[in-house]
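The lines below spell out each chain.
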Amino acid sequence: DPEFEAAQHKLVCKGIGIMGRILIAGEGINGTVAGTRAQLKEYIKYMNAHPQFGGIVFKWSNAPRLPFHKLIVKKRDEIVTLGREVDMSKTAAYLKPEELHAMFEAGENMVLVDMRNDYEYKVGRFKGAIQPKTDKFYELPEKVKNLKIPEGAKAVTYCTGGIRCEKASILLKEQGVEDVYQLEGGIVKYLEQFPDGYFEGKNFVFDDRLTQKIDTPAGQKVLATCEHCGQPSDHYIDCTKPDCHQLFICCEDCEAKHEGMCPEAVKKLQKA
C-alpha cells in the first residue's frame, strides 16, 4: 500500500527531524535523506525493523551543510519513470564494486554503459564509459537501441546508486546483448571503496550540492567545459533568468560576466 507507506514514512521522518526526498511505489522505495549521524542511524534502525524495507543497503556521503531545505515523501507509480513494463525477473546479474575494479585492473573486454542522464555523465563517469544521450530516463528504451556493444564484450551498466540499472539493464538484454551486468550499489558504493579508482570527475547528486566532491586525483579531474567560453569547468548552476532556470555548466568568470544566465538566455536578451 504505497499511499499508506508514504504517509507513515513522512511522519517518521518528521519525528526524527531529517530532510530529503523519498519516493514510494508498489515496486519499492528510493530516496536520499540528510541529517546528523545520530538522526540517520535512527532512520536506518526504523528501516531495518520495517517488514518490507528491512535489509536495504544504504550509501553514505558527507556534506558540509544540510543539502535539503525540506522533506518530500511522495507516492509514485514508478520509482524511476520508464513509462513501460519490463520483466524484473530479467534484470542483470550484480557486480560488486571490488569485482568491477578487478576487471578494470585485469583489462577485461567490457563496455561500461552509463545509464544516468547526459548532464550527470558530463561531469563524472567511469573511464571509457559510453552514454545513450538521454536527458530523461524515460527516453532510454528508444536511445538504448543506438548503443553499439562489440560482440564478445561484457556490458556493465551503472548509475548513481544502482536503482536505475535494475530496469536499464533489462533494456540492453532486450536488444540482444547477452553478457550484461549491473554495478551493485552504483557509483556511490564504488567510491566508498575506491575513491581514486576508475571513476573520474565528480558524481552528480540530486540535492543542493549538485556534485559530490572527491578529494583524490581522479576526483579532481575536470571532464566538462563551460557552456559560455569552453574552458574546463564542472561548476553547475541554475540559469538566473526567471522563466528559464536551466541547469548548465558555467565557470566562475562567465557566471559573473553573464550574471548567472545560460547561453540561450543571453542570446534572447541580446536580441530583445
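Residues numbered from 1 in each chain as written. Predicted model: local features only at pLDDT ≥ 70, side-chain atom pairs only at ≥ 80, totals over all residues. Heavy atoms only, no water.

Considerations on the packing of aromatic side chains
Link 1 in the chain: The tally for this structure, following the rule as stated, stands at ten aromatic pairs.
Link 2 in the chain: Arranged with centres 5.3 Å apart and planes meeting at 85°, the rings of Phe-126 and Phe-199 form a pair that is edge-to-face. Placement of the pair is Phe-126 in strand E6 (residues 124-126) and Phe-199 in strand E9 (residues 199-201), with a sequence separation of 73 residues. Exposure class is identical for Phe-126 and Phe-199. Each is buried.
Link 3 in the chain: On the numbers, 5.2 Å between centres and 40° between planes, the contact of Tyr-190 with Phe-194 is tilted.
Link 4 in the chain: Classification of Tyr-190 as buried rests on a relative accessible area of 0%. (Phe/Tyr/Trp six-rings, centres within 6.5 Å; stacked < 30°, edge-to-face > 60°. Helix = DSSP H or I, 4+ residues; strand = E, 2+ residues; numbered from the N terminus. Buried < 20%, exposed > 50% of the residue type's maximum accessible area, 1.4 Å probe, protein only.)

Some words on the sheet that holds strand E2 (residues 28-34)
Link 1 in the chain: On the basis of which strands lie adjacent, the open sheet formed by three strands has the order E2-E1-E3 and mixed pairing. The open sheet terminates on both sides in strands that have one partner only, identified here as E2 and strand E3 (71-75). Each strand axis lies, on average, 5° off the axis of its neighbour in the sheet, ignoring direction.
Link 2 in the chain: When strand E1 (residues 19-25) meets E3, the two strands line up parallel, connected through five bridges. Note on E3: the bridge partner recorded for Ile-24 is Lys-75. (Pairing = 2+ DSSP bridges. Axes fitted to C-alpha atoms, helices over the stretch in contact; angles between N-to-C directions.)

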